Amino acid sequence: FTMCDHSMYCLCALSQFTEEKLGQAEKTELDAHFENLMSRADCTKHWTEKIFRQTEVLLQPNPSARIEEFFYEKLDMKAPSRVTNGELLGQYMEDAAKEFGSETPYGNTLIKVGECERRLGAAEREFLQTSAISFLTPLRNFLEGDWRTISKERRLLENLRLDLDACKTRLKKAKLAEAKAAMAPDFQETRPRNYVLSASASALWTEEVEKAEHELRVAQTEFDRQAEVTRLLLEGISSTHVNHLRCLNEFVEAQAAYYKQCHFHMQELQKELGRLPNAFALNSTHAMATPGPASEGITSPVETDTLKIEEVQAPATGTRKAKVLYDYDAADSSELSLLADELITVYTVPGMDSDWLIGERGNQKGKVPVTYLELLS
């Protein structure tokens, strides 16, 4: 098999491809099962690629950061640890609290919220790492590993298919020429020498037919072998689906754990903020306590801190029903403990902090945080 022979095979394959496109040559068709396997593999690659790209965007919305991580990965280097937005926000809040004074209501609240944002950022970091390992990496391995192997073997199969069809065409042409040489000599039959020339031409075409038949057998064997290799790889797509299904379940578990942590941290933060003295109430109380020309002889409205729950009466109008969103444990006797999904009656009283309402459930009554309620019309 010389370089000249290789060039001839390439030219024959190219000629076969061109004639097929022009509808001038026959094409070996693969069986329906094989065609279905290839279609399923193409579909798998298409949607795996889309899911992979969009998951990357979900986990890292910053395109510059994604490009940086891509280069680190290609250089086989570990990407530097990046602070999450939640952690950065928490740091800014804590730094601001130091400037404003942690003993002030605003500074104290900033510290509480900043600590929560740090915890949310740490949960996000853990979620990103887990998702990258359990979900993104298997998808990338398929696209850059298994799929490239499948594509390479399919291209090889297509080339062998072109060679096979080219051999079939050559054999067909050789047989037609052989039959023509045997049935219609090029020279008149009255001259003996013409019989010799005709027999020589027929022998040459017979030899050409035998050569074409041998090449066809070789091409058919190589094509069948490659078809079997490609078939096995395509059937492996079923295992790929099973693996991706397991990875998808792990991704859902990681996402559920992440959101559960976030919900827990925010609930705890709401409880902490609900127990902190409200800055607006303190400021208004301080202003009312300061004597002045306009305030002398005027009594202040009912203050939340001195509110006696047992003395509070529901107004004739203005009460509403509310659905409890989360469980809430009362911090003291002035508050009402809540259970998620229960319905209570709520109303406000003059001078009460806007973040709180009076809640009633049967004979029980107490302050409840507004953020734990869904007010119903």
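Reference entry: report on the structure contained in this document. Because the structure is a prediction, the values reported are computed rather than measured.

Conventions used here
- Residues numbered from 1 in each chain as written.
- Predicted model: local features only at pLDDT ≥ 70, side-chain atom pairs only at ≥ 80, totals over all residues.
- Heavy atoms only, no water.
- Pairing = 2+ DSSP bridges.
- Helix = DSSP H or I, 4+ residues; strand = E, 2+ residues; numbered from the N terminus.
- Buried < 20%, exposed > 50% of the residue type's maximum accessible area, 1.4 Å probe, protein only.
- Phe/Tyr/Trp six-rings, centres within 6.5 Å; stacked < 30°, edge-to-face > 60°.
- Lys NZ or Arg CZ within 6 Å of the ring centre and 35° of its normal.
- Expected span 1.5 Å × (residues − 1).
- Polar contact = N/O pair within 3.5 Å; in protein donor to acceptor, adjacent residues only side chain to side chain.
- Core = buried A, V, L, I, M, F, W, Y, C linked by side-chain atoms within 4.5 Å.
- Contact = heavy atoms within 4.5 Å.

1. Looking at the pairing of strand E3 (residues 356-361)
Logical step 1: Both strand E2 (residues 343-347) and E3 contribute to a ladder of 3 bridges, which runs antiparallel. Looking at E3, one finds that Val346 is bridged to Gly359.
Logical step 2: Relative to strand E4 (residues 364-369), E3 runs antiparallel, the two being bridged by 6 bridges. Bridged to Trp356 within E4 is Pro369.
Logical step 3: Taking the residues that link successive antiparallel strands as the turn, the E3-E4 hairpin has 2 residues, and the phi of Gly362 there is positive, at about 65°.

2. Quick word on unusual backbone geometry
Logical step 1: Here the phi dihedral of Asp341 falls at roughly 80°; this positive angle occurs in a residue that is not glycine.
Logical step 2: The exposed category is assigned to Asp341, whose relative accessible area is 56%.

3. Examining the packing of aromatic side chains
The relative placement of two aromatic rings is captured by the distance of their centres and the angle of their planes.
Logical step 1: Tallied over the entire structure, the rule returns 8 aromatic pairs.
Logical step 2: Where Tyr326 meets Tyr372, the ring centres are 5.7 Å apart and the plane angle is 90°; that geometry is what we call edge-to-face. One end of the pair, Tyr326, is in the loop between strand E1 (320-324) and E2; the other, Tyr372, is in the loop between E4 and strand E5 (373-375), with 46 residues separating them in the sequence.
Logical step 3: Overall, the relative accessible area of 24% leaves Tyr326 in the partly exposed class.
Logical step 4: Linked through ring pairs, Phe127, Phe135, Phe251, Tyr258 and Tyr259 together constitute an aromatic cluster.
Logical step 5: The residue whose ring lies beneath Lys367 is Trp356, and the NZ or CZ to ring-centre distance is 5.4 Å.

4. Some remarks on helix H2 (residues 32-59)
Logical step 1: Spanning 28 residues, H2 covers 40 Å between terminal C-alpha atoms, matching the ideal 40 Å at 1.5 Å per step.
Logical step 2: Turning to H2, its buried residues are Phe34, Leu37, Met38, Ala41, Thr44, Thr48, Phe52, Thr55 and Leu59.
Logical step 3: Among the residues of H2, the N-terminal cap falls to Asp31, whose side-chain oxygen and the backbone nitrogen of His33 are separated by 3.1 Å.

5. So, the nonpolar core
Logical step 1: Ranked by internal contacts, the top residues of the largest apolar core, which has 41 residues, are Phe127 and Leu234.
Logical step 2: Looking at this core, the elements that each hand over two or more residues are H2, helix H4 (85-100), helix H5 (105-183), helix H6 (192-235) and helix H7 (237-275).
Logical step 3: Considering each element in turn, this core owes the most residues, 19 residues, to H5.
Logical step 4: Aside from chain neighbours lying at most four places away, what touches Phe127 is Leu59, Phe251, Ala254, Gln255 and Tyr258.

6. Some details on the pairing of E2
Logical step 1: Buried residues dominate E2, accounting for 4 of its 5 residues.
Logical step 2: One ladder, built from 4 bridges, connects E1 with E2; its direction is antiparallel. Note that in E2 the partner of Lys321 across the bridge is Thr345.

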